[in-house]
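# Structural overview for review
Next come the chains, spelled out residue by residue.
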Amino acid sequence: MASYLARLGRFAYRRRVLVLTLWLALITILGAGAATLSGPTAETFSIPGTEAQRAQDLLVDRFPQAGGGAEARIVFAAPAGQKLTDPAHRAAINAALAPVRGGPHVATVTDPFQGAVNPAGNVAYAQVTYRVRANALTDADRDALAEARAAGRTAGLTVETGGDALRKPAGHGIGEVLGFGIAAVVLLITFRSLLAAGLPLLTAALGVATVLAGIHIGSGFTDLSSNTPTLALMLGTAVAIDYALFIVSRYRHEVAGGRVGIEAAGHAVGTAGSAVVFAGLTVVIALAALAVVNVPVLTQMGIAAAVAVTVAVLIALTLLPALLGFAGSRITGTTARPDSPAAPTAAPSPTAGVGVGERTMGRRWVGLVTRRPVVTLVVATLGLLALAIPALDLRLGLPGDELAAPGTTQRKAYDMLTAGFGPGFNGPLLVVVDVAGTGDPKAAAEEVTTAVRALPDVAAVGPATINPGGDTAILRVIPASAPDRPETTDLVHAIRNLDDQVPATVLVAGTTAINIDMSAKLGAALGPYLSVIVVLALLLLTVLFRAVWVPIKAIAGFLLSVAATFGAVVAVFQWGWLAELFGVAQTGPVISLMPVVLIGIVFGLSMDYEVFLVSRMREEYVQGATPADAVADGFGHSARVVTAAAIIMVSVFAGFVLSTDLMIKSIGFALAVAVLFDAFVVRMTIVPAAMTLLGRRAWALPSFLDRMLPRIDVEGESLATSRR
């Protein structure tokens, strides 16, 4: 493999004008397509195979007027000691609702005085239903809600609004720019050259532009979540900078060892590029495997992010060596031309550029770690396990108004409804009754209504509404408990089990039911998903390193990293530790989608650092170093670059913590701490300690596997042989 990639690197270096022209042409074409074909993102998602999705599909088919569009609630509260039913307050409420009723996208606005006033008479609400989804609403639609609030407050009432109609897709802000800026500083410190530091940033920008343009084109043909391009941007930027960093660093190392520019480019792509290919492949496997969960929004996010990683690999292998050719001698920070034939082209020694006796920070660290490997291994492992303890209290949920910041109108509306109507009011259940085939649909619907009222933990049941076709009825059920309570989950299951007692099929929809089904589905899929990526990565790493213990150690390290990461997420987003520092205005359950997404991405990234670090150790080993020297020399060569790569990735991910979107904020935080744990504790502490303890056994491979497995030269051994 190394020889093929080396030829590719030399070709790109030699034909740099052609390679650059082709990439720029591709980006231009995709950019034009994105400008003309892109469509809006969607905030809704489906969960195939669940009861809630069956109910939703039935509604779309038979009762389309019952839902599908955005919703808003305008909540009114009377001054202390007064009631909303007073004539003056009634007139003020009707006047406040007037601008909302006239909206072009408004389908219905309910009358608060038709069953939407609480028993005390001091809290009421109007339900606003729109004909379009939240992402299609205009500023004028949201301004009408603001006018209703202002008019009611002017009349002396407390007025707040909530619902998904108020949610705007999170845009890109200062966080991404800040992360990119920190990456630039780290690259400049690492390379001590503006040009060398600029190349990874330039290739990352071009790669991300390519992917985002493709995603925007795709949004014109299918509904894509607004989180899909954000995740692609987040991951694409981080890996693109890291992959380019490894190849540029290896190129400078080869030039320092005496190779001319084109040979240095070929050797860098053949060695570091091989590691990039396998590292990228593990990330792509982990992301593409999200499809096994069978949640379309996860599949979209996984595929988009996998494409972003693939583009980052392709740019690192083709466009980057072309740009190295344009940079010439300036990339090395020396006056000698890298293409000059005066320098010898012999392969540099295994320790070229970092002398065996040179006491760099990396060498001092690996010396400390390997001096007492057992103590290091135990302390680091126990530390990560201690950080993982909060993960035992992990609770999953979907974000709603209850997680809005306390000072926002959405959160105030939520709290007013809870105080006025009870904790279950904000989590209503939409019961869908299939009465097709029953002799008397109305009687069947009434029988279901009576049966639901008799169930425990039911606060209220609205009257059944039958569709014009007479084959489907819906009724609104208010639980007595809050949406995230076990009693509400039991109620959902109890309603679904009424099939055996009534002459109709009973289904449950609504946000609460979707949340319950989503958590159950993702929990059931977590084991198979983890098994798929672990088995595939185990096979891939066994082929790559031609060893058994190295892949096992890599996967064990991943499990430690992901457990500690879940612990940190629960501590901050659920328990509220350091919440103010990270801008978490309201703690609550961890978003249901996040664990699966996090496991996939963290697995891929953890294998990145494993491949980059251990491949250099193996390179030293196959070139004749003892196991202990291979660990020390390989770590010494890689430590500075791996450290820089990890800091860059942490910075890029941490920039997304500044996002106002809770899912993006939590994913950004989780990925930042995951890289922190995995790169610095697992890969740069546990790995050298474990490799030292294993000795030659680390590279042992049973003879039958040695005969069966293909030989993939990632260390560049064939390149060194071809030069002898």
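Residues numbered from 1 in each chain as written. Predicted model: local features only at pLDDT ≥ 70, side-chain atom pairs only at ≥ 80, totals over all residues. Heavy atoms only, no water.

### Details of the overall build of the chain
Quick note on the threshold: A run of H or I in DSSP counts as a helix once it spans at least four residues, and a run of E counts as a strand once it spans at least two, with each numbered from the N terminus. Note that the radius of gyration is over C-alpha atoms, with the globule rule given as 2.2 Å times the number of residues to the power 0.38. Accessibility here uses a 1.4 Å probe with only protein chains present; expressed as a share of the type maximum, an area under 20% marks a residue as buried, one over 50% as exposed, and anything in between as partly exposed. Contacts were defined at the residue level, with two residues in contact if any of their heavy atoms lie within 4.5 Å. Per-residue and other accessible areas follow the Shrake-Rupley method at a 1.4 Å probe size, with only the shown protein chains counted as cover for residues. By the counting rule applied here, Lys and Arg register as positive and Asp and Glu as negative, while His and the ends of each chain are not counted. Just so you know, the charge point we use is NZ for Lys, CZ for Arg, CG for Asp and CD for Glu.
Per the secondary structure count, the chain includes 23 helices and 11 strands. In terms of C-alpha radius of gyration, the chain reaches 30 Å, essentially the compact-globule figure of 27 Å for 724 residues. A total of 724 residues make up the chain; the buried ones form 56% of that total. Contacts in the chain between residues far apart in sequence, at least 24 positions, make up 80% of those at least 6 positions apart. Of the roughly 28,700 Å² of accessible surface on the chain, a fraction of 63% belongs to carbon and sulfur atoms. Once the 51 positive and 49 negative side-chain charges of the chain are each reduced to a mean point, those two points are 12 Å apart.

### Considerations on the packing of helix H2 (residues 16-37) against helix H7 (residues 194-219)
How two helices pack is summed up by the angle between their axes together with the distance between the axes. The condition that has to hold: Axis definition: a line fitted to C-alpha atoms, over the contacting stretch in the case of helices. Angles run 0 to 180 degrees between N-to-C directions. Left-handed describes a crossing whose near helix is turned anticlockwise from the far helix through less than a right angle; right-handed describes the clockwise counterpart. The classification used treats Ala, Val, Leu, Ile, Met, Phe, Trp, Tyr, Cys and Pro as nonpolar, Asp, Glu, Lys and Arg as charged, and all other residues, Gly among them, as polar.
For the pair H2 and H7, the least separation of the axes is 8 Å and the interaxial angle reads 35 degrees. Judged by the twist between their axes, the crossing of H2 over H7 is left-handed. On the side of H2, the interface is formed by Leu26, Ile27, Leu30, Gly31, Gly33, Ala34 and Leu37, while H7 contributes Leu206, Thr210, Ala213, His216 and Ile217. Considered class by class, the residues forming the contact of H2 with H7 number 8 nonpolar, 4 polar and no charged.

### Quick look at the packing of aromatic side chains
The condition that has to hold: Classification of ring pairs uses Phe, Tyr and Trp, with its six-membered ring standing for Trp, and accepts pairs whose centres are within 6.5 Å; under 30 degrees between planes counts as stacked, over 60 as edge-to-face, and the remaining range as tilted.
Under the definition given, this model contains 10 aromatic pairs. Considering the side-chain rings of Phe573 and Phe669, the 5.4 Å spacing of their centres and the 65 degrees angle between planes classify their relative orientation as edge-to-face. Here Phe573 is found in helix H18 (residues 549-574), whereas its partner Phe669 is found in helix H21 (residues 662-694), with 96 residues between them in sequence. Given a relative accessible area of 5%, Phe669 falls into the buried group. Between Tyr621 and Trp699, the ring centres sit 5.6 Å apart and the planes meet at 25 degrees, which makes this aromatic pair stacked. Taken as a pair, Tyr621 in helix H19 (residues 594-622) and Trp699 in the loop between H21 and helix H22 (703-708) lie far apart in primary sequence, 78 residues in all. Within the aromatic cluster, the residues linked to one another by ring pairs are Tyr125, Phe421 and Phe425.

### Focus: helix H20 (residues 627-655)
Short version of the rule: Here the expected length of a helix is defined as 1.5 Å per residue gap, with one fewer gap than residues. Two axes enter the bend calculation: one fitted to the seven residues ending at the residue in question, the other to the seven starting there, and the bend is the angle between them.
With 29 residues, H20 ought to run about 42 Å at 1.5 Å a step, and its terminal C-alpha atoms sit 39 Å apart, in line with that. Roughly 45 degrees is the biggest bend found in H20, and it falls at Ser638. Among the 29 residues that make up H20, 22 are buried, leaving the element largely enclosed by the rest of the structure.

### Quick look at the sheet that holds strand E2 (residues 106-109)
Convention followed: At least two bridges found by DSSP between two strands are what make those strands a pair.
The strand order across the open sheet formed by 4 strands is E2-E3-E1-E4, and the pairing between neighbours is antiparallel. Of all the strands in the sheet, just E2 and strand E4 (158-162) have a single pairing partner and so form its edges. Taking each pair of neighbouring strands and ignoring which way they run, the sheet shows an average axis angle of 20 degrees. Both E2 and strand E3 (residues 123-130) contribute to a ladder of 3 bridges, which runs antiparallel.

### Overview of the confidence of the model for the chain
What counts is decided by this rule: Residue-level confidence of the predictor, termed pLDDT, takes values from 0 up to 100.
Residues of the chain with pLDDT of at least 70 account for 92%, and the chain-wide mean is 86. For residues 341-357, every residue scores under 50 in pLDDT, and the model assigns this stretch 32 contacts once sequence neighbours within four places are set aside.

### As for the pairing of strand E10 (residues 505-509)
Taken across its 5 residues, E10 has 4 buried, putting it largely inside the fold. Looking at chain direction, strand E6 (residues 429-434) and E10 are connected through 5 bridges and run antiparallel. Residue pairing in the sheet places Val432 in a bridge with Leu507 of E10.

### A look at helix H10 (residues 296-317)
In this model, H10 (22 residues) spans 31 Å end to end at C-alpha, consistent with the 32 Å of a helix rising 1.5 Å per residue. Along H10, 16 of the 22 residues are buried, which leaves the element largely enclosed by surrounding structure.

### Description of the pattern of salt bridges
We apply this condition: Any Lys or Arg side-chain nitrogen located within 4 Å of an Asp or Glu carboxyl oxygen qualifies as a salt bridge.
This structure, assessed with the given rule, holds 17 salt bridges. Between Arg62 and Asp471 there is a salt bridge, with the nearest N and O atoms lying 3.9 Å from each other. In this pair, Arg62 is assigned in helix H3 (residues 51-62) and Asp471 in the loop between strand E8 (465-466) and strand E9 (472-479), connecting sequence segments 409 residues apart. For Arg62, a relative accessible area of 23% puts it in the partly exposed group. Residue Arg250 pairs with Glu619 through a salt bridge whose shortest N-O separation is 2.8 Å.

### Some details on the packing of helix H13 (residues 373-388) against H21
Packing of H13 against H21 brings their axes to within 9 Å, and their N-to-C directions diverge by 145 degrees. Both H13 and H21 take part in a crossing whose hand is left-handed. Contact residues: H13 offers Pro373, Val374, Thr376, Leu377, Ala380, Thr381, Leu384 and Leu387, while H21 offers Phe677, Val681, Val682, Thr685, Ile686, Ala689, Ala690, Thr692 and Leu693.

### Brief notes about a nonpolar patch on the surface
Let me state the cut-off plainly: Patches were defined on residues exceeding 30% relative accessible area and lacking a salt bridge, with like-charge contacts within 9 Å and nonpolar side-chain contacts (Val, Leu, Ile, Met, Phe, Trp, Tyr) within 5 Å.
Residues Ile174, Val177, Leu178, Ile182 and Leu658 make up a contiguous nonpolar surface patch of roughly 480 Å² in combined accessible area. Note that Ile182 resides in helix H6 (residues 174-191). For Ile182, a relative accessible area of 35% corresponds to the partly exposed category.

### Things to note about the side chain of Ser651
Within the element layout of this structure, Ser651 appears in helix H20. Residue classification places Ser651 among the buried residues on the basis of a relative accessible area of 10%.

### Focus on the environment of Ala91
Along the polypeptide, Ala91 turns up in helix H4 (residues 87-101). Remark: the alpha-carbon pair of Ala91 and Ala155, spanning 64 residues in sequence, is separated by 9.6 Å.

### Focus on the nonpolar core
The line we're drawing: Note on terminology: a nonpolar core comprises buried Ala, Val, Leu, Ile, Met, Phe, Trp, Tyr and Cys residues joined through side-chain atoms within 4.5 Å.
Leu235, Tyr243 and Phe653 are the most contacted members of the largest nonpolar core, which totals 163 residues. Ranked by residue count, the leading element in this core is H21, at 18 residues. Residues within four places of Tyr243 in sequence aside, it is in contact with Val276, Ala279, Gly280, Val283, Val309, Ala312, Val313, Ala316, Asp608 and Phe612. Ala72, Ala126, Ala144 and Leu166 belong to the second largest nonpolar core, which has 27 residues in total.

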